[in-house]
Amino acid sequence: MDIQIILSIIGALISLVAVILIYNARKIVKERFSFGDQNSGALAVKTIGLILFFIGMLIIFFNLT
């Protein structure tokens, strides 16, 4: 029972970080990286955020079933 709660919290935190990455992608790229093309950097950060979001949601989904 305790492991289910811990896995739910971990999945929720991963999804939260992913949403923050997606929402602030351009700002993160502008501050952290010195890419000449910010569009490709923002696309990469958003893609990583999308993958992390799916991982977090899969953890929550399979934990609840």
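Residues numbered from 1 in each chain as written. Predicted model: local features only at pLDDT ≥ 70, side-chain atom pairs only at ≥ 80, totals over all residues. Heavy atoms only, no water.

Novice: Kindly report on the overall build of the protein chain, identifying the contributing residues and their values.
Specialist: Looking only at helices and strands, the protein chain features three helices and zero strands. Beginning at the N terminus, the succession of helices and strands in the protein chain can be written as α-α-α. Compactness check: the protein chain gives a C-alpha radius of gyration of 14 Å against a globular reference of 11 Å for 65 residues, more than 25% above the reference. Summarising its shape, the C-alpha atoms of the protein chain cover approximately 50 × 15 × 15 Å along the three principal directions. In the protein chain, of all internal contacts separated by at least 6 residues, the share reaching a separation of at least 24 is 63%. Surface accessibility of the protein chain: about 4,900 Å² in total, with carbon and sulfur atoms responsible for 73%. (Helix = DSSP H or I, 4+ residues; strand = E, 2+ residues; numbered from the N terminus. Rg over C-alpha atoms; globule rule 2.2 N^0.38 Å. Contact = heavy atoms within 4.5 Å. Areas by Shrake-Rupley, 256 points an atom, 1.4 Å probe, with all protein chains shown as cover.)

Novice: Which residues make up helix 1 (residues 2-23), and what are the values?
Specialist: Every α-helical turn comprises 3.6 residues, leaving residues that sit three or four positions apart pointing alike. Helix length check: helix 1 (22 residues) gives 32 Å between terminal C-alpha atoms against 32 Å at 1.5 Å per residue, within 8%. What helix 1 keeps buried is the set Gly-11, Ser-15 and Ala-18. Viewed along the axis of helix 1, the buried residues span an arc of 60°, placing them on a single side of the element. With respect to the buried face of helix 1, the exposed residues turned more than 90 degrees away are Asp-2 and Tyr-23. Its buried side turned inward, helix 1 meets helix 3 (38-64). (Expected span 1.5 Å × (residues − 1). Buried < 20%, exposed > 50% of the residue type's maximum accessible area, 1.4 Å probe, protein only. Arc of directions from axis to C-beta.)

Novice: Please set out the confidence of the model for the protein chain residue by residue, giving values where relevant.
Specialist: In the predicted model, the protein chain carries a mean pLDDT of 90, and 98% of its residues have values of at least 70. Taking the mean pLDDT of every element in the protein chain, the minimum, 88, falls on helix 2 (residues 25-32) and the maximum, 93, on helix 1. (pLDDT = per-residue confidence, 0-100.)

Novice: Explain the packing of helix 1 against helix 3 residue by residue, including any values.
Specialist: Contact geometry for helix 1 and helix 3: axes closest at 8 Å, N-to-C directions at 160°. As judged from the angle between their axes, helix 1 and helix 3 are roughly antiparallel. Here helix 1 and helix 3 pass one another in a crossing that is left-handed. Contacts from Gln-4, Leu-7, Ser-8, Gly-11, Ala-12, Ile-14, Ser-15, Ala-18, Val-19, Leu-21 and Ile-22 of helix 1 reach helix 3 at Val-45, Lys-46, Ile-48, Gly-49, Leu-50, Leu-52, Phe-53, Gly-56, Met-57, Ile-59, Ile-60 and Asn-63. The residue inventory of the contact of helix 1 with helix 3, partitioned by class, reads 15 nonpolar, seven polar and one charged. (Axes fitted to C-alpha atoms, helices over the stretch in contact; angles between N-to-C directions. Parallel < 35°, antiparallel > 145°, perpendicular 65-115°, else oblique. Left-handed = near helix turned anticlockwise from the far one by under 90°. Nonpolar A, V, L, I, M, F, W, Y, C, P; charged D, E, K, R; others polar.)

Novice: Tell me about the side chain of Ser-15, and name the residues and values.
Specialist: Counting through the fold element by element, Ser-15 comes out in helix 1. With relative accessibility at 5%, the residue Ser-15 sits in the buried group. Discounting chain neighbours no more than four positions away, the residues touching Ser-15 are Phe-53, Gly-56 and Met-57.

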